[in-house]
Amino acid sequence: QVQLVESGGGLVQAGGSLRLSCAASGNIFRINYMGWYRQVPGKQRELVARITDGGSTNYADSLKGRFIISRDNAKNTVYLEMNSLKPEDTAVYYCDADVTHISRSQAHYWGQGTQVTVSS
């Protein structure tokens, strides 16, 4: 009922920056929160950042202030500003959202993921 479309991934040199976007569409009454996870081979998918309907944010400790999450509620879009990128940031980045439908039922959705590769 809801689709999440990610964009902005790609190849970047160490020390550079990228801005990821994720736009939600479909049966949406309200998006309760949106966030970003990442996953590399051999590791579990881990939370990068999350932002709630009220604007409260949560970040992984390992990011050390390099990443910033923001949200445009009017566009049902979440952004992730990634700065001072390191090779260890290389991963598939997934957008997620917790959605209240028009019927007032709730469900959680994942995007298909976008590859971010940071070269030395």
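Residues numbered from 1 in each chain as written. Predicted model: local features only at pLDDT ≥ 70, side-chain atom pairs only at ≥ 80, totals over all residues. Heavy atoms only, no water.

**Comments concerning the state of the cysteines**
Stage number 1. Within the structure shown, the criterion is met by one disulfide.
Stage number 2. Paired through a disulfide, C22 and C95 show a sulfur-sulfur distance of 2.1 Å. Residues C22 and C95 are joined through a disulfide that is left-handed, its torsion about the S-S bond being -85°. Of the two residues, C22 sits in strand 3 (residues 18-26) while C95 sits in strand 9 (residues 91-100), which places them 73 residues apart along the sequence. Per residue, the accessibility class of C22 equals that of C95, and both read buried. (Disulfide = S-S within 2.5 Å. Helix = DSSP H or I, 4+ residues; strand = E, 2+ residues; numbered from the N terminus. Buried < 20%, exposed > 50% of the residue type's maximum accessible area, 1.4 Å probe, protein only.)

**Things to note about the packing of aromatic side chains**
Ring pairs (aromatic) are described by centroid distance and by the angle formed between their planes.
Stage number 1. Enumeration according to the criterion identifies two aromatic pairs in this entry.
Stage number 2. The interplanar angle of 70° and the centroid separation of 5.1 Å between the aromatic rings of Y37 and W110 together place this pair among those described as edge-to-face. With Y37 in strand 4 (residues 30-39) and W110 in strand 10 (residues 106-110), the pair connects residues that are 73 residues apart, well separated along the chain.
Stage number 3. Summarising the aromatic geometry, the rings of Y94 and W110 are spaced 6.5 Å apart at their centres and angled 85° between planes, so their arrangement reads as edge-to-face. On the criterion of sequence distance, the pair formed by Y94 in strand 9 and W110 in strand 10 is long-range, its members being 16 residues apart.
Stage number 4. When its relative accessible area of 38% is taken as the criterion, W110 is described as partly exposed.
Stage number 5. Taken together, the ring pairs in this structure connect Y37, Y94 and W110 into an aromatic cluster.
Stage number 6. A cation over an aromatic ring shows up here: R45 above the ring of W110, its NZ or CZ 4.6 Å from the ring centre. (Phe/Tyr/Trp six-rings, centres within 6.5 Å; stacked < 30°, edge-to-face > 60°. Lys NZ or Arg CZ within 6 Å of the ring centre and 35° of its normal.)

**Quick look at the sheet that holds strand 8 (residues 77-82)**
Stage number 1. With respect to topology, four strands assemble into an open sheet ordered 1-3-8-7, the strand pairing being antiparallel. Either end of the sheet is taken by a strand with one partner, and the two such strands are strand 1 (2-7) and strand 7 (67-72). Strand after strand, the sheet turns through a mean of 15° between neighbouring axes, direction not considered.
Stage number 2. Sheet analysis places strand 7 next to strand 8, joined by six bridges and oriented antiparallel. Each bridged residue has a counterpart across the sheet, and for I68 the counterpart in strand 8 is E81. (Pairing = 2+ DSSP bridges. Axes fitted to C-alpha atoms, helices over the stretch in contact; angles between N-to-C directions.)

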